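Commentary on secondary and tertiary structure
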Amino acid sequence: MEKLTRREEELMRCFWERGPLFVRELVAMAPDPKPHFNTISTMVRTLETKGYVGHTAYGSTYQYYPLVSEEEFSRSTLGSVISRYFENSYLGAVSALVEEEKISVEELRELIARIETKNAK
């Protein structure tokens, strides 16, 4: 899965929250100062080229919709971070969270219980 820029990821969040959208709707949703229609249109076409969105034609206008779910994107992004910064070690990532006190012992117990429940199935 190709990496997204911060702005592309913001546009994808709009699709994940709202579903299919026209470019004019994306422009209307943007904070002031509003970006130009052509700027958003170009970014959405880039998302389409990267395989993140598809479109349905309505005459001369397109309505875009997500092809990649937020969950798929999150898992891919997490995998990239773990690969890049933790030498592909999920244990290393969790250990870093523990060391930085970002995850409690109780949360670790809950995680272990989830894993044991999943493995028991």
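The coordinates are above.
Residues numbered from 1 in each chain as written. Predicted model: local features only at pLDDT ≥ 70, side-chain atom pairs only at ≥ 80, totals over all residues. Heavy atoms only, no water.

Considerations on the side chain of Ser-41
On the secondary structure map, Ser-41 appears in helix 3 (residues 37-49). On the basis of relative accessible area, Ser-41 is assigned to the buried category, the value being 9%. Of note is the side chain of Ser-41, whose polar atom sits 2.8 Å from the side chain of Arg-45. (Helix = DSSP H or I, 4+ residues; strand = E, 2+ residues; numbered from the N terminus. Buried < 20%, exposed > 50% of the residue type's maximum accessible area, 1.4 Å probe, protein only. Polar contact = N/O pair within 3.5 Å; in protein donor to acceptor, adjacent residues only side chain to side chain.)

Structural notes on unusual backbone geometry
Between Asp-32 and the following residue, Pro-33, the backbone shows a cis peptide bond with an omega angle of -5°. Along the chain, Pro-33 falls in the loop between helix 2 (23-29) and helix 3. You will see that Glu-87, though not glycine, has its phi angle at about 50°, which is positive. Relative to the helices and strands, Glu-87 is located in the loop between helix 4 (70-85) and helix 5 (90-99). For Glu-87, a relative accessible area of 76% puts it in the exposed group. Residue Asn-88 is not a glycine yet carries a positive backbone phi of 65°. For Asn-88, the location among the structural elements is in the loop between helix 4 and helix 5.

Details of the pairing of strand 3 (residues 61-66)
Relative to strand 3, strand 1 (residues 21-22) is paired through two bridges, and the arrangement is antiparallel. Its bridge partner lying in strand 3, Leu-21 is registered against Tyr-64. Sheet topology note: the strand 2 (residues 53-58)/strand 3 ladder contains six bridges and is antiparallel. In the strand pairing of strand 3, Thr-56 is matched with Gln-63. Where strand 2 hands over to strand 3, the hairpin turn is made up of two residues, of which Gly-59 adopts a positive phi near 65°. (Pairing = 2+ DSSP bridges.)

Any functional reading would require information that these geometric values do not contain.
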